[in-house]
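Architecture at a glance
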Amino acid sequence: MAYRNWLTAGAMCAIAVVAAAGGYFYTEKPSSADSQAMILPADPAPLVVVTKGGDRSFSIEVADTAAEREAGLMYRQDMADDHGMLFVFEVQQQVGFWMHNTPMPLDLIFVGQDGKIRAVKHGEPQSDAVISPGVPVRFVLELKAGTAARNGIEYGDLLRHPAVGTVSGPSMPPADNGDAPSGGGG
C-alpha cells in the first residue's frame, strides 16, 4: 500500500513538473510555430540609413537571437512605413530568407559587417522562394515593400545604429573599399 502511494505521488509530481514546464515554455515569445506575429519592443535608438539624398530614419525591432530571427515578421499583417526589423547575425555569412507565412510584401536590405548595403531584394508574400544577396552579410533590414525605392535606399548606402556600430566601430563610418556606387561612398 505504501509502495502504491509513493508511485502515485511520484507520478503526480512528474505530471505537475511537466505541466509547469510546458506552461512556462508556452508563454514565452511566440515563435513561427504559434501562427502569431512576434512583436518585439521598438529599439530606443533609431536606425539611420545614410543615402545620397540624405539621412532616412526608421524605428526598428532588433531580432538578434535564433528564435527571433526565425519568427521575424511572419504573420505580421501591417506595420508603419517608418518601421522595420533588423536581423543581427553573430558572424558575417551567406544568408537566405523566405516569406513563408508572411502576408506583407517586404524590402530585404542585406548589409555587410561594415554597415554598407550589399543588396536590396524584394519579398513576395507567402512565397517559399529563397531570397539571398549572393554575398556574406551580417545584418538584414526588413521594411515594407517600396520603402527602399521611395527613400532612395540602395547598394553602398550606410546603416547607422548601435547594433551595427558594435560590429563596425562606434560612430565611425566604414572604410570605402572601392565598392560604393559611383559618385561617392560611405
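For the structure given in this document, a descriptive report is provided here. Please read all numbers here as calculations on a predicted model, not as lab measurements.

1. Some words on the sheet that holds strand 7 (residues 158-160)
Strand order in the open sheet formed by 7 strands is 5-4-6-3-2-1-7, with mixed pairing between adjacent strands. In the strand order of this sheet, the two ends are held by strand 5 (117-123) and strand 7, each with one partner. If you compare each strand with its neighbour and ignore which way they point, the axes differ by 30 degrees on average.

2. Concerning the packing of aromatic side chains
Each aromatic ring pair is specified by the distance between its two centres and by the angle formed by the two planes. For the structure shown, the criterion picks out 3 aromatic pairs. Between F87 and F97, the ring centres sit 5.1 Å apart and the planes meet at 90 degrees, which makes this aromatic pair edge-to-face. Residue F87 is found in strand 3 (residues 83-93), and its partner F97 is found in the loop between strand 3 and strand 4 (106-111); the two are separated by 10 residues along the sequence. Judged by relative accessible area, which is 10%, F97 ranks as buried. Residues F97 and F110 carry aromatic rings whose centres are separated by 6.1 Å and whose planes lie at 85 degrees to one another, so their mutual orientation is edge-to-face. In this pair, F97 is assigned in the loop between strand 3 and strand 4 and F110 in strand 4, connecting sequence segments 13 residues apart. The class for F110 is buried, based on a relative accessible area of 0%. These aromatic residues form a ring-pair network of at least three members: F87, F89, F97 and F110.

3. Overview of the pattern of salt bridges
In this structure the tally under the stated criterion is 6 salt bridges. For E154, the salt bridge is made with K52, and the minimal N-O distance between the two is 2.8 Å. Here K52 lies in the loop between strand 1 (47-51) and strand 2 (54-63) and E154 lies in the loop between helix 3 (147-150) and strand 7, a separation of 102 residues in the sequence. The exposure class assigned to E154 is partly exposed, which follows from its relative accessible area of 33%. Look at K52 and you get exposed, because its relative accessible area is 59%. Notably, a salt bridge pairs K144 with D81, separated by 2.9 Å at the nearest N-O pair. You can see K144 sitting in strand 6 (residues 137-144) and its partner D81 sitting in the loop between helix 2 (66-71) and strand 3, a full 63 residues away along the chain.

4. Thoughts on the side chain of R76
With respect to the element layout, R76 can be found in the loop between helix 2 and strand 3. Only 2.7 Å separates the side chain of R76 from the backbone oxygen of M38, close enough to count as a polar contact. A polar side-chain atom of R76 sits 3.0 Å from a polar atom in the side chain of E61. Leave out the neighbours within four places in its chain, and R76 touches A37, M38, I39, E61, M85, P103 and M104.

5. Examining the pairing of strand 6
Among the 8 residues in strand 6, 8 count as buried, and that is most of the element. Pairing between strand 3 and strand 6: 6 bridges, direction antiparallel. Of the residues in strand 6, the one forming a bridge with L86 is L141. The sheet contact formed by strand 4 and strand 6 spans 6 bridges and is antiparallel. Bridging across to strand 6, F110 finds its partner in V140.

Conventions we followed
Residues numbered from 1 in each chain as written. Predicted model: local features only at pLDDT ≥ 70, side-chain atom pairs only at ≥ 80, totals over all residues. Heavy atoms only, no water. Pairing = 2+ DSSP bridges. Helix = DSSP H or I, 4+ residues; strand = E, 2+ residues; numbered from the N terminus. Axes fitted to C-alpha atoms, helices over the stretch in contact; angles between N-to-C directions. Phe/Tyr/Trp six-rings, centres within 6.5 Å; stacked < 30°, edge-to-face > 60°. Buried < 20%, exposed > 50% of the residue type's maximum accessible area, 1.4 Å probe, protein only. Salt bridge = Lys/Arg side-chain N within 4 Å of Asp/Glu carboxyl O. Polar contact = N/O pair within 3.5 Å; in protein donor to acceptor, adjacent residues only side chain to side chain. Contact = heavy atoms within 4.5 Å.

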